[in-house]
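Close look at the chain arrangement
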Amino acid sequence: MKKQRMIWSVTAMIMIPVFLIMLAIDRPGEERGYEERKGAGSEPDGGLSGSQDTAVEEGSVSGEGDSQDYSLKIVEMDQQERDGVLKKLFSYMESCRAVYERAVNSGGADRESQRTDTARAADSAGMADSAGTDLEENTLHEMIETGGAEGLSVTCGNRDYNLTNFEKADAALKKAQEGKDAEMEFYQVNSVGIFRYYRLEFEENELYVTTAGAMWDENMETGVQQLEKIQAYQWEYTKKGWLIWEKALSRNQEMDMHIFCRVLPLDEQCRELTKQYIEPVSYFSNNLFLEDWDTTCMEKIEFNDLFDFLYPMAYGTPLKEEAYTDGIPKEEFESVIGRYFDLTEEQIMRLARYDGSTGRYPWIAVGFWNRVQQLQPSFPEVVRCEENEDGTITAYVEAVSTEEGTDCYYAHAVTLRRKEDGTFVYVGNRVDRERSYCIPAYRARREFERT
């Protein structure tokens, strides 16, 4: 018996370190992938929605015994074709030069000191260089309209503006869906100052994509960032109007090769509700849009976890976490929650577990240890709005996942009521379980303290 216990002890001494090593190797990658998708800032700005500049070596495979072909199929271009592509891109850039220079010279763009997190993320992903510019929304939209006036189809890297002259692209895609040869082209501008040109050629049900990217440096000299032609692995044009293609078979979520471009226009009310009331909250570490609730059962909402998402909506600046390690002062918490919900002071105190002894509401910052680690939808999108008889509006939301290659990863309906000042309050949410590919998981941060 003693000998047997000794054998078990030796075995445990060997296996436990091995297990810990394997765990340590696995978790950093998991954490890194999750951080990249945290919150609304997860979407890349360097190209269209998706991993535009992900590089895959031709002929590479994911590991031993994997027979899948992950190679990026490069199509060679002769010099005449290359010159023709760049000529089109440079021509559009020149038409935008005056708008761009005016923005830079007037402070409408900051070379570096005020760059957004998204712009910096684009840099780290190889989407821009150190001369990158953080262009304001109005500047981007003016350059898009400049191209539109010239008959070009131009889209925005921030996903906040409809594709100009979309009819031409829509017609070509519908023709390609019928198995006919077709060709379309469009341009894209984004806030880091990169201009892109795309030409899509559909031949015998295969898609060939030519992409060129360029930007101006500090001296307003044009520099080419990208020039390639590939045969896409697969493509789809959805009923909602999303053009999706996969440059090569995606190896995993961190090496995703899907590219998304919305072709059909989105209603302006849908776009505005998405921007103001859906995307800032999203699905990360709060459950506002993950539960079925209305004004009769608001105890389902974890208001304490929701506070740090509503705070930037209310004040236009992120919450300074270090200032609230002991919780949120009563007036401040109730002021933020009261902006977005029809709740009395007493109701907020009850629903959010007010601590009368401290005069604060309990709150814990999001950390590695108190959240559910999972793939988040890339971004939500209100696709339809309905006016209800009681004066409320129901916004039907479908969240896109570029990693999964679907324009409806998670679906739900949010009901809002307009206040006298024109802003809205949340009055309900309903999860569409039949249409959801995946419902994001959630666990209240306070529950992690008990484990």
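Up top is the structure.
This structure is a prediction, so every number in the text was calculated from the model and none was measured.

1. Some remarks on the overall build of the protein chain
Scanning the protein chain from N- to C-terminus turns up 10 helices and 19 strands. Here the protein chain holds 451 residues, and 49% of them are scored as buried. Across the protein chain, the fraction of contacts at a sequence separation of at least 24, relative to all contacts at a separation of at least 6, is 60%. Accessible surface, the protein chain as shown: approximately 22300 Å² in total, 48% of it carbon and sulfur.

2. Structural notes on the side chain of histidine 258
Position of histidine 258 among the secondary structure elements: in strand 12 (residues 258-262). Its relative accessible area of 8% is what places histidine 258 among the buried residues. At a separation of 2.6 Å, a polar atom in the side chain of histidine 258 contacts the side chain of aspartate 256. Of the polar contacts made by the side chain of histidine 258, one reaches the backbone oxygen of threonine 402; its length is 3.1 Å.

3. A short note on the environment of glutamine 177
Its place among the elements puts glutamine 177 in helix 5 (residues 166-177). Residue glutamine 177 is classed as partly exposed on the basis of its relative accessible area, which comes to 44%. Sequence separation between glutamine 177 and asparagine 205 is 28 residues; the distance between their C-alpha atoms is 8.2 Å. With near-sequence residues (within four places) excluded, glutamine 177 lies in contact with Trp235 and Tyr237. One polar contact links the side chain of glutamine 177 to the main-chain carbonyl oxygen of tyrosine 237, over a distance of 2.9 Å.

4. Structural notes on the environment of tryptophan 293
Of note, tryptophan 293 is situated in strand 13 (residues 293-294). Since its relative accessible area comes to 5%, tryptophan 293 is described here as buried. Each C-alpha atom of the pair tryptophan 293 and asparagine 429 lies 5.4 Å from the other, and the pair is 136 residues apart in sequence. Setting aside anything within four residues of it in sequence, one finds tryptophan 293 in contact with Leu288, Met298, Lys300, Ile301, Phe341, Tyr426, Val427, Gly428 and Asn429.

5. Here's the deal with helix 8 (residues 330-340)
Inspection of helix 8 places Lys330, Phe333, Glu334, Val336, Ile337 and Tyr340 among the buried residues, and these make up the whole buried set. The arc enclosing the buried residues of helix 8, seen along the axis, measures out at 165°, which places them on a common side. Looking at the buried residues of helix 8, the elements they touch are helix 6 (268-278), helix 7 (303-315), strand 14 (328-329), helix 9 (345-351), strand 15 (360-361) and strand 19 (424-431).

6. Brief notes about empty space enclosed by the protein
According to the stated counting rule, one finds one cavity of 30 Å³ or more in the structure shown. The volume enclosed by the largest cavity comes to roughly 70 Å³. Lining the largest cavity are 12 residues, and of these Ser285, Val372, Ala441, Tyr442 and Arg443 sit closest to its centre. A breakdown of the residues in the lining of the largest cavity according to their chemical character gives six nonpolar, four polar and two charged.

7. A few points about the environment of valine 366
Position of valine 366 relative to the elements: it lies in the loop between strand 15 and strand 16 (382-387). For the pair valine 366 and glutamate 321, spaced 45 residues apart in sequence, the C-alpha to C-alpha distance is 9.4 Å. Setting aside its immediate chain neighbours within four residues, valine 366 contacts Phe284, Ser285, Asp308, Arg371 and Arg445.

8. With respect to the sheet that holds strand 13
Spatially, 13-19-18-17-16 is the arrangement adopted by the five strands of the open sheet, whose pairing is antiparallel. With one partner strand each, in any of the chains shown, strand 13 and strand 16 form the two edges of the open sheet. Pairing of strand 13 with strand 19, which is carried by two bridges, proceeds in the antiparallel orientation. Bridge pairing in strand 19 places aspartate 294 opposite glycine 428.

9. Description of the sheet that holds strand 2 (residues 73-74)
Read across the sheet, six strands follow the order 2-9-8-7-6-5 without closing on themselves; strand pairing throughout is mixed. Each edge of the sheet is formed by a strand with only one pairing partner; in this case those strands are strand 2 and strand 5 (154-156). Bridging between strand 6 (residues 182-189) and strand 7 (residues 195-203) involves eight bridges; their strand directions are antiparallel. When the bridges of strand 7 are listed, methionine 184 appears paired with leucine 200. Across the sheet, helix 2 (residues 79-105) is in contact with strand 5, strand 6, strand 7, strand 8 (206-216) and strand 9 (222-231); its angle to strand 8 comes to roughly 45°. Contacts from helix 4 (residues 137-149) reach strand 5, strand 6 and strand 7, with the element oriented near 165° to strand 5.

10. As for the packing of aromatic side chains
The tally for this structure, following the rule as stated, stands at 26 aromatic pairs. Aromatic side chains tyrosine 92 and phenylalanine 195 sit 5.9 Å apart centroid to centroid with 70° between the ring planes, which places their arrangement in the edge-to-face category. One end of the pair, tyrosine 92, is in helix 2; the other, phenylalanine 195, is in strand 7, and 103 residues separate them in sequence. For tyrosine 92, a relative accessible area of 2% gives the class buried. Judged by its relative accessible area of 1%, phenylalanine 195 falls in the buried class. Among the aromatic residues, ring-to-ring pairing joins Tyr277, Tyr283, Phe289, Trp293, Phe303, Tyr340, Phe341, Tyr410, Phe424 and Tyr426 into one connected group. The aromatic ring of tyrosine 315 is capped on one face by arginine 339, whose charged end is 5.1 Å from the ring centroid. For arginine 384, the ring lying beneath its charged end belongs to tyrosine 396, and the centroid distance is 3.9 Å.

11. Points about the pairing of strand 9
In terms of strand pairing, strand 2 meets strand 9 through two bridges, oriented antiparallel. When the sheet's bridge partners are listed, lysine 73 is paired in strand 9 with glutamine 231. Direction of pairing for strand 8 relative to strand 9: antiparallel, over a ladder of nine bridges. Residue pairing across strands places tyrosine 208 opposite glutamine 231, the latter belonging to strand 9. Connecting the antiparallel pair strand 8 and strand 9 is a turn made up of five residues, with methionine 220 showing a positive phi of about 60°.

About the thresholds
- Residues numbered from 1 in each chain as written.
- Predicted model: local features only at pLDDT ≥ 70, side-chain atom pairs only at ≥ 80, totals over all residues.
- Heavy atoms only, no water.
- Helix = DSSP H or I, 4+ residues; strand = E, 2+ residues; numbered from the N terminus.
- Buried < 20%, exposed > 50% of the residue type's maximum accessible area, 1.4 Å probe, protein only.
- Contact = heavy atoms within 4.5 Å.
- Areas by Shrake-Rupley, 256 points an atom, 1.4 Å probe, with all protein chains shown as cover.
- Polar contact = N/O pair within 3.5 Å; in protein donor to acceptor, adjacent residues only side chain to side chain.
- Arc of directions from axis to C-beta.
- 1 Å grid on protein atoms, 1.4 Å probe; cavity = no way out; pocket = protein on both sides within 12 Å on 5 of 7 lines; lining within 4 Å.
- Points joined across faces, edges and corners; volume = space filled by probe spheres on them.
- Nonpolar A, V, L, I, M, F, W, Y, C, P; charged D, E, K, R; others polar.
- Pairing = 2+ DSSP bridges.
- Axes fitted to C-alpha atoms, helices over the stretch in contact; angles between N-to-C directions.
- Phe/Tyr/Trp six-rings, centres within 6.5 Å; stacked < 30°, edge-to-face > 60°.
- Lys NZ or Arg CZ within 6 Å of the ring centre and 35° of its normal.

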